[in-house]
Amino acid sequence: MRIFGAIVFLVFLNSCKNEVKQTVQPATESEKSLMAGNDTLIYPEEKYFKSIRQITFGGDNAEAYWNWDDSQLVFQSNNKAWGMHCDQMFLMNTEENFKDTIPPMISTGRGRTTCAYFLPDNEHFVYGSTHLADKECPEVPLRKNGNYVWPVYDTFDIFVADLKGNITAQLTHEPGYDAEATVSPKGDKIVFTSTRSGDLELYTMNLDGSNVQQITNELGYDGGAFFSPDGSKLIFRASRPKTEAAIKKYKDLLAEGLVEPTDMELFICNADGSDLKQLTFLGNANWSPFFHPSGKKVLFSSNFEAEKGFPFNLYFIDIDGKNLERVTHGETFDAFPVFSNDGKYLAFSSNRNNGGTRDTNLFIAEWQETSLETAK
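Reading guide: rules and limits
- Residues numbered from 1 in each chain as written.
- Predicted model: local features only at pLDDT ≥ 70, side-chain atom pairs only at ≥ 80, totals over all residues.
- Heavy atoms only, no water.
- Helix = DSSP H or I, 4+ residues; strand = E, 2+ residues; numbered from the N terminus.
- Contact = heavy atoms within 4.5 Å.
- Areas by Shrake-Rupley, 256 points an atom, 1.4 Å probe, with all protein chains shown as cover.
- Core = buried A, V, L, I, M, F, W, Y, C linked by side-chain atoms within 4.5 Å.
- Buried < 20%, exposed > 50% of the residue type's maximum accessible area, 1.4 Å probe, protein only.
- Pairing = 2+ DSSP bridges.
- Axes fitted to C-alpha atoms, helices over the stretch in contact; angles between N-to-C directions.
- Expected span 1.5 Å × (residues − 1).
- Arc of directions from axis to C-beta.
- Polar contact = N/O pair within 3.5 Å; in protein donor to acceptor, adjacent residues only side chain to side chain.
- pLDDT = per-residue confidence, 0-100.

## Overview of the overall build of the protein chain
Helix and strand counts for the protein chain come out as three helices and 27 strands. Look at the contacts in the protein chain between residues 6 or more apart in sequence, and 51% of them connect residues 24 or more apart. Carbon and sulfur atoms form 47% of the exposed surface of the protein chain, whose accessible area is close to 15,600 Å².

This is how it looks when you write it as structure tokens:
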């Protein structure tokens, strides 16, 4: 489950106790033209951002995913100003922002939802929801025995809905957690995370829910998976408890529907699970990976340079684990990067320009790659 509100809470919980390790240099006059007010939209070092637009202006907003012609995005929000008390799914046209308006909600408004993704017809999307179990919002625990945790609700199932919010199919029926569904760019497969084996593993299935195949089988949390642009590979985050104490802790928490997401690395494999390799060895939390349109690099969020939880920034790494490069230079939280299909834009979530609040908003950056050879 890609829960973002809780992780942002952790960032701010520690924000008074740490200093950003990398100093931001004063902006030039041309760079200042890309900034808004006293709160930076583009930092001077963020060379891949030609321009940037803020889309939302309050609450926790994340996981904005493009449709197949880049004309719309679906995203999740719990913005109280929109009457939300739990994450629900919303639809936007790419040229819109929601400073003074409310986007159409396209989930049921019941339970908690997560991880929406367009299907190839651009008229339907898949997402996870708990609404069959309870119309109310489930509790979101933040800590267990003093440690930061994510809930893994066993009431999540994966559904298909149209863009008016009508559910047209239920794809999973197994007991336990089924969520985090994303669709292959080939338009033939869905990858998702499930506890049906007793552990949090990756699975693929056809768009109609048939032909379910288990992809991973090693103890630990495997989640947040995305296909490469040609559909041949998967990139995902994973925890890998190794010691007896760590294994017991992981299993005990999972039995309570909880995981600790503070120690995760990125893994890459073929779409059928073969040739599995660990991509990062950075420590701390490395997560929300997404392939660059070339298929040769991965953009992801990490706090590996932080001492006590923050900041989270975006980084590039080659799919062979080489050429790690920092992409964003915020002081709190940048995550959930998703390239448009044409490679011209990047949607992501950030705490920048939130006026010192805990709000996490959506941004769309115009992407430029004059120095990125792999984009040729």
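## Side note on the nonpolar core
Formed by 63 residues in total, the largest nonpolar core has its most connected members in Phe 49, Val 126 and Trp 367. In terms of residue count, strand β27 (residues 361-367) provides more of this core than any other element does, five residues in total. Those residues within four positions of Val 126 in sequence are excluded, and the remaining contacts are Cys 115, Ala 116, Tyr 117, Leu 119, Ile 158, Phe 159, Val 160, Leu 171, Ala 181, Val 183 and Ile 190. Judged by nonpolar contacts, the second largest core, of 20 residues, contains Leu 200, Tyr 221, Phe 312 and Phe 333.

## Comments concerning the pairing of strand β3 (residues 72-77)
Of all six residues that make up β3, six are buried, and the element is covered over most of its length. Neither face of β3 is exposed, since Gln 72, Val 74 and Gln 76 on one face and Leu 73, Phe 75 and Ser 77 on the opposite face are all buried. Both strand β2 (residues 61-66) and β3 contribute to a ladder of four bridges, which runs antiparallel. In the sheet register, Asn 61 faces β3, and the bridge partner there is Ser 77. Hairpin connection of β2 to β3: five residues between the antiparallel strands, including Asp 70 at a positive phi of 65°. Two elements, β3 and strand β4 (residues 88-93), share six bridges in a ladder whose sense is antiparallel. Among the inter-strand pairings, Gln 72 is bridged to a residue of β4, identified as Asn 93.

## What about the sheet that holds strand β25 (residues 334-339)?
The four strands lie next to each other as β1-β27-β26-β25, forming an open sheet whose pairing is antiparallel. Every other strand in the sheet has two partners, leaving β1 (49-54) and β25 as the edge strands with one partner each. Put simply, the sheet's adjacent strands are angled 25° from each other on average, direction ignored.

## So, helix α3 (residues 244-255)
End to end, α3 covers 17 Å across twelve residues, agreeing with the expected 16 Å (1.5 Å per residue, within 8%). Burial in α3 covers these residues: Tyr 250, Leu 253 and Leu 254. All buried residues of α3 lie within an arc of 100° about the axis, which places them on one face of the element. Turned more than 90 degrees from where α3 packs its buried face, Glu 244, Ala 245, Lys 248 and Ala 255 sit exposed. At its buried positions, α3 is contacted by β7 (143-144) and β18 (258-259). Gly 257 sits one or two residues past α3 and shows a positive phi near 75°.

## Some thoughts on the environment of Glu 265
Along the chain, Glu 265 falls in strand β19 (residues 265-270). Accessibility expressed as a relative area gives 9% for Glu 265, which makes it buried. As for Glu 265 and Asn 286, which are separated by 21 residues in sequence, their C-alpha atoms are 5.1 Å apart. Setting aside residues no more than four positions away along its own chain, Glu 265 makes contact with Phe 236, Arg 237, Ala 238, Gln 278, Thr 280, Phe 281, Leu 282, Gly 283 and Asn 286. From its side chain, Glu 265 meets the backbone nitrogen of Gly 283 in a polar contact 2.7 Å long. At 3.1 Å, the side chain of Glu 265 forms a polar contact with the side chain of Asn 286.

## Quick notes on the confidence of the model for the protein chain
Detail in the predicted coordinates should be disregarded across regions flagged by low pLDDT. The pLDDT averaged across the protein chain works out to 89; a share of 88% of its residues lies at or above 70. Here residues 1-38 scores under 50 on pLDDT; set against residues more than four positions off or in separate chains, the count is 93 contacts.

## Focus: the sheet that holds strand β5 (residues 113-118)
Read from one edge of the open sheet, four strands run β5-β6-β10-β11, paired in antiparallel fashion. Edge strands, defined here as strands with exactly one partner in the open sheet, are β5 and β11 (167-170). Averaged over all adjacent pairs, the angle separating strand axes in this sheet is 25°, with direction ignored. Two strands pair when backbone bridges link them, and strand β6 (residues 124-129) and strand β10 (residues 157-162) are joined in this way by six bridges, in the antiparallel orientation. Within the sheet, the bridge partner assigned to Phe 125 lies in β10 and is Ala 161.

## Observations regarding unusual backbone geometry
The backbone phi angle of Asn 211 is positive, close to 55°, even though this residue is not glycine. Along the polypeptide, Asn 211 turns up in the loop between β14 (201-206) and β15 (213-214). Located in the positive-phi region is Asn 353, a residue other than glycine, with phi close to 55°.

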